[in-house]
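Residue-level structure breakdown
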Amino acid sequence: TQSTRPQRLLGAVQKKATRGNPRSVIQTIDQFCRQREWAMNVGDEKGCILDSVVTETNPTTVLELGTYCGYSTVRIASLLPPQARLITLEFNPDFARIARQVITWAGVQDKVELVEGASGDLIPKMKAQFGVNTFDLVFLDHWKDRYLPDTKLMEECGLLKKGSILLADNVICPGTPDYLEYVRNSPRYQSQYFKSHLEYTKVEDGLEKSVFLG
Ligand SMILES: O=C(NCCO)c1cc(-c2ccc(F)cc2)cc(O)c1O
Ligand SMILES: [Mg+2]
């Protein structure tokens, strides 16, 4: 039976990356995606912007929407202080199965909680079921038509506090027009666009960083 792209990506990690070394896992995935097969990881160019936002925020509690193979999960977790934690939500069970193995190979599993399910169902359970108060940083990288409804849901559930950062991938390609319009025009956010490129290509894309003003 045919292997899937996530399975082949995991194979490359297990063959070429050093166990317990997040940087080597990131490097291996980027090399795989440049030389073998494109995959929808945030990639190294946008990944450097992600890194700078994470380090500048110095978050204690992070939410990632859309795990895929765990590339950005590993990137973020590797920058977190010891007590900090990252909750990552993935709807697709096949992606989740691969991501767990990538996260463990990188050695960051103690900082990460991967939860399978629909973000719209899981976000309202964050406080009661996952012991979360508010998120310091949210990385949006899941279905592009879920960015806006899930942002409104996080507001309604009291999961954002004054100063919480939303960082959204793919605001140009594939694009999230309704989300962009919302965060750029709402008085409750201060938004900033970081121009970049679609992972592993020359196509324009970018990250939108939005600070919740309370
Ligand atoms: O759908 C995406 N993520 C959620 C997955 O559950 C996604 C898609 C693309 C992309 C795909 C196809 C294309 F032609 C261009 C872009 C890129 C990304 O970074 C993404 O995050
Ligand atoms: Mg993306």
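As a starting point, this report considers the structure included with it. (Residues numbered from 1 in each chain as written. Chains lettered and ligands numbered in written order. Predicted model: local features only at pLDDT ≥ 70, side-chain atom pairs only at ≥ 80, totals over all residues. Heavy atoms only, no water.)

Structural remark: α-helix, 3.6 residues per turn; residues separated by three or four positions point the same way. Taking 1.5 Å as the rise per residue, helix α2 (residues 22–35) with 14 residues should run 20 Å; its terminal C-alpha atoms sit 20 Å apart, in good agreement. For α2, the complete set of buried residues consists of Pro 22, Ser 24, Val 25, Ile 26, Thr 28, Ile 29, Asp 30, Phe 32 and Cys 33. Between a side-chain oxygen at the N-terminus of α2 and the backbone nitrogen of Arg 23 the separation is 3.0 Å; the capping residue is Asn 21. (Helix = DSSP H or I, 4+ residues; strand = E, 2+ residues; numbered from the N terminus. Expected span 1.5 Å × (residues − 1). Buried < 20%, exposed > 50% of the residue type's maximum accessible area, 1.4 Å probe, protein only. Polar contact = N/O pair within 3.5 Å; in protein donor to acceptor, adjacent residues only side chain to side chain.)

By nearness alone, every residue bordering ligand 1 is listed as Trp 38, Met 40, Asp 141, His 142, Trp 143, Lys 144, Asp 169, Asn 170, Cys 173, Pro 174, Leu 198 and Glu 199. Asp 169 places a polar side-chain atom, nitrogen or oxygen, 3.2 Å from an oxygen atom of ligand 1. Between Asn 170 and ligand 1, the recorded distance is 2.7 Å, taken from a side-chain N or O atom to an oxygen atom. When ligand 1 is considered free in solution it has 480 Å² of accessible area, and contact with the protein chains removes 71% of it. Here the residues of the shell around ligand 1 are counted per class, giving six nonpolar, two polar and four charged. (Near = heavy atom within 4 Å. Areas by Shrake-Rupley, 256 points an atom, 1.4 Å probe, with all protein chains shown as cover. Nonpolar A, V, L, I, M, F, W, Y, C, P; charged D, E, K, R; others polar.)

Right, let's talk about the environment of Gln 35 for a bit. Tracing the sequence through the fold places Gln 35 in helix α2. Given a relative accessible area of 54%, Gln 35 falls into the exposed group. As for Gln 35 and Asp 51, which are separated by 16 residues in sequence, their C-alpha atoms are 23 Å apart.

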